[in-house]
Amino acid sequence: MSLDIMRVPSPCYVLEEDKLVGNLKLLKRVQEQSGCKIILALKGYSMWSTFDLIKQYLPGCTASSLYELKLSDEKFGGENHIYSAAFRDDEFDEICSMAGHLVFNSVNQWQRFGAKAVAAGVSCGIRVNPGIAEVETDLYNPCFSGSRLGVRPEHLHGADLAGIEGMHAHALCENLADSSVTLIDAFEARFADYIPALKWVNFGGGHLITHKDYDADKLIRRIREFKAKWDVEVYLEPGGAIGWRTGPLIASVLDIVPTDGLPVAILDISATAHMPDVLEMPYRPAVTGSGGANEKPHTYRLGGTSCLAGDVIGDYSFDEPLQAGTRLIFEDMIHYTMVKTTMFNGVRHPDIGIWHSNDSFELVRRFTYEDFRDRLS
């Protein structure tokens, strides 16, 4: 039996447990056959109600902030990794009390905080920029010209890296295996002089291993070659690959508004608040059973409930007319969606639920007025 959307409240993000397990099994195989470790990037997937399941397959998490690190420490309880573009003095002691691996973004940050981290027993690394162009959209490209993320090879010359045990090279975003191999090749070519002194190398996230077109065996072979040559621990830290195609956002039509163009279906969700990448990237999310504009008999512009004039998801066509109460399924809305939502306008935030393997639905979170109120003062 598949997900029954009529047994789910609207709006609601629904994690489908079977699909998550399928992704995790593949990631486990990659770890076992390559010898690498794959850790969960919380920036892409932070649904901690599923951490007890995930930690049966993955050894830990990587964080981008103190709060994410605390979530990893409190709710996952495995390896704790952290990277930040810059660390704060007033948070660093607490970070060192939890982190097992810590990555600095610059030589300056290493010189400023490194001694304290090493004294706390933290394994320290530095992020490097491998200078490849595998991501088309600059908003998501860690290596675009002028990027603040990572140290370029020429800026490492002469730096005192004594005490650095690892390097972190993150350059991808939802890329397939050829890009993963390109990254490893570029890192090896540009930073080979430093690798013999390292204990570990982290090739970051963006390896979309669970995509149907990703050649996991190609990645496995390349990691095995790298480990055999350099004798270092290898980490990958995807977020998107864990939550990839593991569940939808269920929404409902509230009203149909006539305009001087297409009729607009107002939904009980908001693009700007509940799926911000639709406007930021931008991109057009898939809606189950729909087509492009005028592809099917009935075309609508789908819009949100916020007051933002541009709170528009896109133009879609349907076999039957939409009406108040019609349910819509926005596909693949678990990774990099829930982590970015806001409560702009006080629009009701979608619930969060799990469709379990035994075809039962569990509502794990319902957001309230108090959640909106307590964000500010």
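Not measured: the values here are computed from a predicted model.

## Notes on the side chain of Ser317
Moving on, step 1. Examined against the element boundaries, Ser317 turns out to sit in strand β14 (residues 312-318).
Moving on, step 2. Separated by 2.9 Å, the side chain of Ser317 and the backbone nitrogen of Lys296 make a polar contact.

## Remarks on the packing of aromatic side chains
Moving on, step 1. Going through the model one piece at a time under the given rule, you end up with twelve aromatic pairs.
Moving on, step 2. Ring centres of Phe51 and Phe76 lie 5.5 Å apart, and the angle between their planes is 65°; this geometry places the pair in the edge-to-face category. In this pair, Phe51 sits in helix α2 (residues 51-54) while Phe76 sits in helix α3 (residues 66-76), placing the two residues 25 residues apart along the sequence. Of the two residues, Phe51 and Phe76, both sit in the buried class.
Moving on, step 3. Between the aromatic rings of Trp200 and Tyr235, the centroid separation amounts to 6.5 Å while the plane-to-plane angle is 90°, which identifies the pairing as edge-to-face. With a gap of 35 residues between them, Trp200 in strand β9 (residues 200-202) and Tyr235 in strand β10 (residues 233-236) connect regions that are remote in the sequence.
Moving on, step 4. Given a relative accessible area of 3%, Tyr235 falls into the buried group.
Moving on, step 5. Connected via pairs of aromatic rings, a cluster forms that spans Phe87, Phe92, Phe104, Trp110 and Phe113.
Moving on, step 6. The ring of Trp48 is capped by Lys75, whose NZ or CZ atom sits 4.1 Å from the centre of that ring.

## Notes on the pairing of strand β11 (residues 249-257)
Moving on, step 1. Where strand β1 (residues 12-16) and β11 come together, two bridges link them in antiparallel fashion. Looking across to β11, one finds that Tyr13 is bridged to Leu249.
Moving on, step 2. Examined bridge by bridge, β11 and strand β12 (residues 264-267) share four bridges and lie antiparallel to one another. Residue pairing across strands places Asp255 opposite Ile266, the latter belonging to β12.
Moving on, step 3. Taking the residues between adjacent antiparallel strands as the criterion, β11 and β12 are bridged by six residues.

## Concerning unusual backbone geometry
Moving on, step 1. With an omega dihedral of 0°, the bond running from Ser10 to Pro11 counts as a cis peptide bond.
Moving on, step 2. A cis geometry characterises the amide bond from Met281 onward to Pro282, with omega recorded as -15°.
Moving on, step 3. With respect to the element layout, Pro282 can be found in the loop between α10 (277-280) and β13 (298-303).
Moving on, step 4. Phi is positive for Tyr336, which is not a glycine, with a value near 50°.
Moving on, step 5. Position of Tyr336 relative to the elements: it lies in the loop between β15 (327-330) and β16 (351-355).
Moving on, step 6. A relative accessible area of 24% means that Tyr336 is categorised as partly exposed.
Moving on, step 7. If you check the backbone angles, Asn345 has positive phi at about 70° while not being a glycine.
Moving on, step 8. Its location among the elements puts Asn345 in the loop between β15 and β16.
Moving on, step 9. Residue class for Asn345 comes out partly exposed when judged on its relative accessible area of 41%.

## Topic: the environment of Leu183
Moving on, step 1. By the element assignment, Leu183 lies in helix α6 (residues 177-191).
Moving on, step 2. The spatial distance from the C-alpha of Leu183 to the C-alpha of Ala169 is 7.9 Å, given a sequence separation of 14 residues.
Moving on, step 3. Among residues more than four places away in sequence, those in contact with Leu183 are Pro130, Ile132, Ala169, Ala171, Leu172, Phe203 and His207.

## Side note on the sheet that holds strand β2 (residues 37-38)
Moving on, step 1. Spatial strand order, β2-β10-β9-β8-β7-β6-β5-β4-β3: nine strands in an open sheet with parallel pairing. Each edge of the sheet is formed by a strand with only one pairing partner; in this case those strands are β2 and β3 (40-41).
Moving on, step 2. Alignment of strand β5 (residues 79-83) against strand β6 (residues 101-104), held across three bridges, turns out to be parallel. Across the sheet, Ile82 pairs through a bridge with Leu102, a residue of β6.

Conventions and cut-offs
- Residues numbered from 1 in each chain as written.
- Predicted model: local features only at pLDDT ≥ 70, side-chain atom pairs only at ≥ 80, totals over all residues.
- Heavy atoms only, no water.
- Helix = DSSP H or I, 4+ residues; strand = E, 2+ residues; numbered from the N terminus.
- Polar contact = N/O pair within 3.5 Å; in protein donor to acceptor, adjacent residues only side chain to side chain.
- Phe/Tyr/Trp six-rings, centres within 6.5 Å; stacked < 30°, edge-to-face > 60°.
- Buried < 20%, exposed > 50% of the residue type's maximum accessible area, 1.4 Å probe, protein only.
- Lys NZ or Arg CZ within 6 Å of the ring centre and 35° of its normal.
- Pairing = 2+ DSSP bridges.
- Contact = heavy atoms within 4.5 Å.

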